[in-house]
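Here's the letter readout for the chains.
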Amino acid sequence: MNGPDTLPFPPGRPGFVANPIDRAAHLRTQPDQLAALERHPESRVYVVHRDSVLLKHGAGAPRARVTLDEARAAGASEPPFFLGLERGAAVFGMGLNMAAAEGIAGRHDLTLENLRALAMTGGIAENELSRVAMAKSLAGWHQRHGFCANCGKPTLVVHAGWRRDCPSCKAEHFPRTDPVVIMMVTMEDRCLLGRQAHFAPMMWSCLAGFVEAAETIEDAVRREIFEEAHIVCTDVRYFMSQPWPYSSSLMVGCTARALTSDIIVDTTELEDARWFDKTEVAAMLRGDHPQGIVAPQPIAIAHHLLLSWVAGAV
Ligand SMILES: [Zn+2]
């Protein structure tokens, strides 16, 4: 029988949080050492195209971790960006442009697989998922930031993929991470959940929203809950965070206590919102809710917020 540690995404460990890579940031400014690492036979690379990862098929299980020669043969875009070190070996990420992605369509030795679908079906190991997420966030940023946001001229990759510089106006651009608050709002033995129109059928989840400019996490939680459900809340506490590489968000999981209970749903943001009691949430997590309502999958931090609340831990 499987124990909690052998399950994918056990309690308290959603997807993308188990990253074994030592970022070794000091090497990003050492071109000679990086060039040597690129040539090293033990170096490996993750190749990503939009929401998909390149898998190499052959003897044994399909693998996302390929050699730099294999990545280049597949048409991956230069230069590789340095993700870090793992047991002394270098790990890189590379993007694959549309033409190269079309070039491998129909091949049997290489396929592009949707990362989230792979994660949901257990087609990729939990720690492998984190490495791919890192490559995906960086590749996506490079793809969208070829031109300077300050002057519009082309930018150049520097610092092994962790910065883009504009030779024209000298601006330095860094990969962005967008904080998103996601919150478990409770009132005694009830919690506030909502449904967005694009959610999977019957799935309800914690409310969430982007942190805005010059805003604290606590204020963002209170603002989002009031905007989306007209509920006033207090006692905002940090729970845990989760990188979410769509495209490069950081989910900041929080709990908060509601001071009011009359919901007015902002239907531009949510399809619906209502209070759920613990019995109902426990049934959603087990998958035996009488109306077929389900909780988010264990890959998502919301699942772990709900689990902790049902268990009385938050
Ligand atoms: Zn510029």
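How each quantity is defined
- Residues numbered from 1 in each chain as written.
- Predicted model: local features only at pLDDT ≥ 70, side-chain atom pairs only at ≥ 80, totals over all residues.
- Helix = DSSP H or I, 4+ residues; strand = E, 2+ residues; numbered from the N terminus.
- Rg over C-alpha atoms; globule rule 2.2 N^0.38 Å.
- Buried ≥ 20, exposed ≤ 12 C-beta atoms within 10 Å, placed from the backbone.
- Contact = placed C-beta atoms within 7 Å.
- Core = buried A, V, L, I, M, F, W, Y, C linked by C-beta atoms within 7 Å.
- Domains from an automatic or database assignment.
- pLDDT = per-residue confidence, 0-100.
- Nonpolar A, V, L, I, M, F, W, Y, C, P; charged D, E, K, R; others polar.
- Pairing = 2+ DSSP bridges.
- Axes fitted to C-alpha atoms, helices over the stretch in contact; angles between N-to-C directions.
- Parallel < 35°, antiparallel > 145°, perpendicular 65-115°, else oblique.
- Left-handed = near helix turned anticlockwise from the far one by under 90°.

(A) A look at the overall build of the protein. Of regular secondary structure, the protein possesses 8 helices and 15 strands. The C-alpha radius of gyration of the protein comes to 22 Å, within 12% of the 20 Å expected for a compact globule of 314 residues. Projected onto its principal axes, the C-alpha coordinates of the protein cover approximately 60 × 55 × 35 Å. Per-residue burial for the protein yields a buried fraction of 35% across its 314 residues. Sequence separation of at least 24 residues holds for 63% of the intrachain contacts in the protein that already meet a minimum separation of 6.

(B) Summary view of the nonpolar core. Core analysis: the biggest nonpolar cluster contains 81 residues, and Val-47, Leu-54, Met-183 and Val-185 have the highest contact counts within it. With 8 residues, helix H5 (residues 126-144) is the single largest residue contributor to this core. Of the residues that make up this core, three or more belong to each of domain 1 (4-147) and domain 2 (178-310).

(C) Just the confidence of the model for the protein, in detail. Per-residue confidence for the protein averages 94 on the pLDDT scale, and 98% of its residues sit at or above 70. For the stretch residues 1-5, pLDDT sits under 50, and the model shows 4 contacts to residues farther than four places along the chain or on other chains.

(D) Quick look at the domain arrangement of the protein. Per the domain assignment, the segments making up the protein are domain 1 (4-147) and domain 2 (178-310). Placing a centre on the C-alpha atoms of domain 1 and another on those of domain 2 gives a separation of 31 Å. Counting from both sides, the interface comprises 15 residues of domain 1 and, opposite them, 14 residues of domain 2. For the side of domain 1 that touches domain 2, the secondary structure elements donating two or more residues are helix H4 (115-120) and H5. Sort the elements by how many residues they give to the side of domain 1 that touches domain 2 and H5 lands first, with 5 residues. When the residues that make up the side of domain 1 that touches domain 2 are grouped by side-chain class, the tally is 10 nonpolar, 4 polar and 1 charged.

(E) Examining the sheet that holds strand S7 (residues 156-158) more closely. An order of S7-S8-S9 is seen for the 3 strands of this open sheet, with the pairing classed as antiparallel. Because the sheet does not close on itself, it has two edges, and the strands there are S7 and strand S9 (172-173).

(F) Looking closely at the packing of helix H7 (residues 278-286) against helix H8 (residues 301-310). Remark: H7 packs on H8, axes separated minimally by 10 Å, with the N-to-C direction vectors making an angle of 130 degrees. Here H8 runs oblique to H7, going by the angle between their axes. The interaxial crossing formed by H7 with H8 has left-handed handedness. For the pair H7 and H8, the contacting residues are Lys-278, Val-281, Ala-282 and Leu-285 in the first and Leu-306, Leu-307 and Val-310 in the second.

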